[in-house]
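Chain and residue survey
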Amino acid sequence: MTWRVPAWFAALLVAATAVLGLAAPASAHATLVSSDPAEGEVLDAAPEEVTFTFDEPVSLVPDGLLAFDAAGEQVDVEASASGTEVRGGLPGDLDNGTYVITWRVVSADGHPIAGSLTFHVGAPSPKVEAPQLGPDDPGAVPTLQAVVHGVDYVALLLAGGLAVFLAWTARGVRLADDVRRRLVRVLRVSAVVAVVAAAAAIPLAGAYQLGSGVGGVLDLDAIDPALVQDDLLVLVLQVAGLSVAVWAAREQQSSLLADLVTALAVWSPALVGHTRAYEPTALLVVTDALHLTAGATWLGGLVGLALVLPSVAGRPRDGALLLSRFSTVAAALLAALALTGVLLGWRIVGSWSRLVGETWGRLLLVKVALVLVVVALAAWNRWRLLPRVTDGVGHDDRRTATGLVRRTVAAEAAVLVAVLGVTGFLTQKPPGGPAPTQPATAGTGAVTGVASDDLKVVAVVEPGPGLRRRLIVQVQDLAGEPLDLYDAPAVALRTEGVDLGEVPVEPVGAGTYEAEVVFPRTGTWQLQVSIRADEFTSPVTTVELPVTD
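This write-up is about the structure you can find in this document.

Here is what the cut-offs are and how they apply
Residues numbered from 1 in each chain as written. Predicted model: local features only at pLDDT ≥ 70, side-chain atom pairs only at ≥ 80, totals over all residues. Heavy atoms only, no water. Core = buried A, V, L, I, M, F, W, Y, C linked by side-chain atoms within 4.5 Å. Buried < 20%, exposed > 50% of the residue type's maximum accessible area, 1.4 Å probe, protein only. Helix = DSSP H or I, 4+ residues; strand = E, 2+ residues; numbered from the N terminus. Contact = heavy atoms within 4.5 Å. Pairing = 2+ DSSP bridges. Axes fitted to C-alpha atoms, helices over the stretch in contact; angles between N-to-C directions. Parallel < 35°, antiparallel > 145°, perpendicular 65-115°, else oblique. Nonpolar A, V, L, I, M, F, W, Y, C, P; charged D, E, K, R; others polar. Left-handed = near helix turned anticlockwise from the far one by under 90°. Salt bridge = Lys/Arg side-chain N within 4 Å of Asp/Glu carboxyl O. Phe/Tyr/Trp six-rings, centres within 6.5 Å; stacked < 30°, edge-to-face > 60°.

Moving on, we get to the nonpolar core. By size, the foremost hydrophobic cluster in this structure holds 42 residues, and its most contacted members are Leu-183, Leu-187 and Val-308. Where this core is concerned, the elements lending two or more residues are helix H2 (141-169), helix H3 (177-210), helix H4 (229-251), helix H5 (256-267), helix H6 (281-308), helix H7 (316-349) and helix H9 (359-391). Sorting elements by how many residues they give to this core places H2 first, with 10 residues. Other than its neighbours up to four places away in sequence, Leu-183 contacts Leu-162, Phe-165, Leu-166, Leu-175, Gly-304, Leu-307 and Val-308.

Take the sheet that holds strand E8 (residues 97-106) next. Strand order in the open sheet formed by 5 strands is E2-E9-E8-E4-E5, and the pairing between neighbours is mixed. At either margin of the open sheet sits one strand with a lone partner, and together these are strand E2 (42-43) and strand E5 (74-75). Sheet analysis places strand E4 (residues 59-69) next to E8, joined by 7 bridges and oriented antiparallel. In the strand pairing of E8, Asp-69 is matched with Tyr-99. Sheet strands in contact with H3 are E4, E8 and strand E9 (112-121), and its direction is about 155 degrees off that of E8.

With that out of the way, let us pick up the pairing of E4. The sheet contact formed by E4 and E5 spans 2 bridges and is antiparallel. Within E5, the residue paired with Ala-67 across the bridge is Val-75. Joining the antiparallel neighbours E4 and E5 is a turn of 4 residues, in which Gly-72 adopts a positive phi near 85 degrees.

With that out of the way, let us pick up the packing of H3 against H4. Contact pair H3 / H4: the axes reach a minimum separation of 9 Å and the direction vectors enclose 170 degrees. Judged by the inter-axis angle, H3 sits roughly antiparallel to H4. The segment H3 lies against H4, with Val-184, Leu-187, Arg-188, Ala-191, Ala-194, Val-195, Ala-198, Ala-199, Ala-201, Ile-202 and Ala-205 engaging Asp-231, Leu-232, Leu-235, Gln-238, Val-239, Leu-242, Ala-245, Val-246, Ala-249 and Arg-250. Among the residues forming the contact of H3 with H4, the class breakdown is 17 nonpolar, 1 polar and 3 charged.

With that settled, consider the side chain of Asp-231. Mapped onto the fold, Asp-231 is located in helix H4. For Asp-231, a relative accessible area of 14% corresponds to the buried category.

This part takes up the packing of H2 against H3. In the contact formed by H2 and H3, the axes pass within 7 Å of each other and the chain directions differ by 150 degrees. Between H2 and H3, the angle falls in the class roughly antiparallel. Here H2 runs over H3; the crossing is left-handed. Each residue belonging to the contact of H2 with H3 can be placed in one class, and the counts come to 28 nonpolar, 3 polar and 2 charged.

Below, the discussion takes up the pattern of salt bridges. Throughout the structure, instances matching the rule amount to 5 salt bridges. Put simply, Glu-251 and Arg-250 hold a salt bridge, and the shortest N to O gap is 3.5 Å. Looking at Glu-251, the relative accessible area reads 39%, which means it is partly exposed. Relative accessible area serves as the criterion here: at 47%, Arg-250 is assigned to the partly exposed category. Across the salt bridge formed by Glu-514 and Arg-470, the nearest N and O atoms sit 2.2 Å from each other. Of this pair, Glu-514 sits in strand E16 (residues 512-518) while Arg-470 sits in strand E12 (residues 468-476), and the two are 44 residues apart along the sequence. Assessed through its relative accessible area of 25%, Arg-470 is described here as partly exposed. Overlapping salt bridges bring together Glu-49, Glu-85 and Arg-87 as one network.

This part is about unusual backbone geometry. A cis amide bond links Asp-36 to the next residue, Pro-37, at an omega of 5 degrees. Along the polypeptide, Pro-37 turns up in the loop between strand E1 (32-36) and E2. Of note, the phi angle at Asp-63 is positive, near 55 degrees, even though the residue is not glycine. Here Asp-63 shows up in strand E4. Judged by its relative accessible area of 66%, Asp-63 falls in the exposed class. With phi around 55 degrees, Gln-252 is a residue other than glycine that occupies positive phi space. Counting through the fold element by element, Gln-252 comes out in the loop between H4 and H5. Judged by relative accessible area, Gln-252 falls into the exposed class, the value being 57%.

Now for the packing of aromatic side chains. Scanning all chains against the criterion turns up 3 aromatic pairs. Between Phe-52 and Trp-103 the ring centres are 6.1 Å apart and the planes differ by 45 degrees, which places this aromatic pair in the tilted class. Residue Phe-52 is found in strand E3 (residues 49-54), and its partner Trp-103 is found in strand E8; the two are separated by 51 residues along the sequence. Under the relative-accessibility criterion, Phe-52 is labelled buried at 1%. Note on Phe-54 and Trp-103: the rings are 5.3 Å apart at their centroids and 75 degrees apart in plane angle, and the pair reads as edge-to-face. Here Phe-54, found in strand E3, pairs with Trp-103, found in strand E8; they are 49 residues apart in sequence, far enough to count as distant. For Phe-54, a relative accessible area of 3% corresponds to the buried category. Assessed through its relative accessible area of 4%, Trp-103 is described here as buried.

Right, let's get into the sheet that holds strand E17 (residues 523-532). In spatial order, the strands read E14-E13-E17-E18; together these 4 strands make up an open sheet with antiparallel pairing. Where the open sheet ends on each side, the last strands, each with one partner, are strand E14 (498-503) and strand E18 (540-547). Going from strand to strand, the sheet's axes swing by 20 degrees on average, the running direction of each strand aside. Two elements, E17 and E18, share 8 bridges in a ladder whose sense is antiparallel. Bridging across to E18, Ser-530 finds its partner in Val-540.

In structure tokens:
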């Protein structure tokens, strides 16, 4: 008996490929578009509220909006978030002077961003004390998240794949009782490990979004359902689905309902992560689910074969039946695994060049290379060793070939575990900025603005005839060295009566960005630069930029 790839599977894959190729790229993380008051604005009277507008819906974390006066003392603020706007109601009796608003929100893909706004009532205060905030350092949390998610991926897909192997691939094949018990035991242990990892991911996700470091894992705020609802849903789906999978394997029961519930557990990671931040979201989540299905069936099938083949070494027909069933669907599943992975990666980073030019893309290419190793091993098994099992001359030759197949299958499983480990890191390592090149200098006539205690911005408009000029923006440390950034800064230009809004910039070097700008008139322009220093902070500075004939 052989399996055929269902027509609906092929049709869905073709449709996904077509739509993914036509869809326009979207942003992975929310970006602050504007604020009211604007950064550095001097107001005649105290505002009733402050408003932050982002380019996609965001949610506030606990204490995500804080206000401080020039002395560093906290000012009461009533924070709320709705869609793309975050508002903070301020007291009506604010004195004249400088005020600082710090904000921290979570993007639609679950990654936090943060920043601050400074404005002045009446006139700037002569001295401004830095607010006394707790440490906003993720520390080892992102690394721990990557490890936990990698473990969850391997264990989850192994458990789900073994459920498929027992219910379908090994259907009708006589398995020794000790072999079946071993398969069920591996499935059960994998299910427990997956559930434990999914549970551990919840406080880690909360601490990551709060920016509280490893110590924040024990904070009750880190398991606030409003903050980690996606991770809680993943845990519930994995507990339910893997429990059903273990029961069905132990009782040797197989039904469409049990398969669907198990599939929901396997698909649960598609509910969170970077793909949700891209359009069209529904189709990308479905493609991600296909990716997980392929990985589970492949990994579980390889491990199942490695455990079963020794026991059927004397029954080459049973061994050939298992191998033919698996290999018939393996090629299609592996093609789906590689194709959807590369398409999703290209779709997320937005260009083929960035697959090579940034860490996320290079990790994806490592994953693809490992998949190609699995392809090579599978091809050797299918076309060189499997014929020896079924058509070998003599019992000893068939037995030897079966042993070689078993060892090759074990090697495939080991490489696929590495693939899934890299996948765990990819889910937590967001696509970063462009690859660093040689730093560019801003040249003469540059203006400088200090964005934070350790960052400054240098900007210059190259002189030349006409209104079209080249704007160069470079982010440096206080020693003047350009810095690689988490993502390109948001650059906006305005002058009295004219607001050009955000200007798209292109990377040309380490921390250096350029844009071709048509200035409607000469004079002094305000250049606002919001720096994406990392996934947590985006300090903003405004400089006066002279544009001359």
